[in-house]
Amino acid sequence: ENREYAVTLVKAEMTEFVGSVIARFEALREKKHISLSFEADPKSFEVVTDKDLLTGIVENLVGNALEYTPTNGKVEVRLEKATDRMILQVKDTGIGIPKADQPKIFGKFVRAGNANSMKTDGSGLGLYIVSEYVKLLDGKIRFESEEGKGTTFYVDLPTPPCGDSG
């Protein structure tokens, strides 16, 4: 269970990379008539990160946003590059996370009380995995949510210099 994961840092162009992960959800997005937007600021930038971990983070957050957003809703993904970090923001107009569930939402096998009505087969592992991946990348994750209005997740990841070390 507690195997050490070896973080593998590689250089990656973020807009293309995150865009390609988001593109995997096209069928679900279409089925639910959800508007899914993605923007990056700057438009294109390279960072050094672990692509597998980042894929897991983006997949889980975008997947959840689409799953828990009712038909005709809206999901917005935004990526920002700051000096030594990048911020991934996933915002939805979904069911939101009830106040009572918010403190434990990153726990293992935890599902919000209202989640079952939308998606009965969730494992309750998605956000736990995301938080573990964020920790492995020395990042931070937080969210703002209002039941019935939606949720915004913020993932703040350090970006090591793009030197050719390691």
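Residues numbered from 1 in each chain as written. Predicted model: local features only at pLDDT ≥ 70, side-chain atom pairs only at ≥ 80, totals over all residues. Heavy atoms only, no water.

Draft legend 1. Representation of the layout of surface pockets within the structure. Of the pockets and cavities examined, the second largest pocket occupies roughly 470 Å³. Considering the residues around the second largest pocket, the lining is formed by 29 residues, among which Asn64, Tyr68, Arg111, Ala115 and Leu127 are closest to the centre. Mapped onto the lining of the second largest pocket, the elements with two or more residues apiece are helix H3 (51-67), helix H5 (126-136) and strand E7 (150-158). With 6 residues, the single largest contributor to the lining of the second largest pocket is H3. Looking at side-chain class alone, the lining of the second largest pocket contains 13 nonpolar, 12 polar and 4 charged residues. (1 Å grid on protein atoms, 1.4 Å probe; cavity = no way out; pocket = protein on both sides within 12 Å on 5 of 7 lines; lining within 4 Å. Points joined across faces, edges and corners; volume = space filled by probe spheres on them. Helix = DSSP H or I, 4+ residues; strand = E, 2+ residues; numbered from the N terminus. Nonpolar A, V, L, I, M, F, W, Y, C, P; charged D, E, K, R; others polar.)

Draft legend 2. Region of the structure containing the packing of H3 against H5. Relative orientation of the contacting elements H3 and H5 amounts to 150 degrees, with a least axis distance of 9 Å. The two elements H3 and H5 meet at a crossing, and its hand is left-handed. Contacts from Leu53, Gly56, Ile57, Asn60, Leu61 and Asn64 of H3 reach H5 at Gly126, Leu127, Ile129, Val130, Tyr133, Val134 and Leu136. Taken together, the residues that form the contact of H3 with H5 break down as 9 nonpolar, 4 polar and no charged. (Axes fitted to C-alpha atoms, helices over the stretch in contact; angles between N-to-C directions. Left-handed = near helix turned anticlockwise from the far one by under 90°. Contact = heavy atoms within 4.5 Å.)

Draft legend 3. Molecular detail of a nonpolar patch on the surface. The grouping of Tyr5, Val7, Leu9 and Leu136 at the surface amounts to a nonpolar patch, some 300 Å² of accessible area in total. Positionally, tyrosine 5 belongs in the segment before strand E1 (10-13). (Patch = residues over 30% accessible without salt bridge, like charges linked within 9 Å, V, L, I, M, F, W, Y side chains within 5 Å. Areas by Shrake-Rupley, 256 points an atom, 1.4 Å probe, with all protein chains shown as cover. Salt bridge = Lys/Arg side-chain N within 4 Å of Asp/Glu carboxyl O.)

Draft legend 4. Expanded view of H5. Considered for burial, the residues of H5 that qualify are Gly126, Leu127, Val130, Ser131 and Val134. Within H5, the buried residues cover an arc of 130 degrees as seen down the axis, which keeps them to one side. Buried-residue contacts for H5 involve H3, strand E6 (140-146) and E7. The first or second residue beyond H5 is aspartate 138, which carries a positive phi of 60 degrees. (Buried < 20%, exposed > 50% of the residue type's maximum accessible area, 1.4 Å probe, protein only. Arc of directions from axis to C-beta.)

On their own, these measurements won't tell you what the molecule is for.
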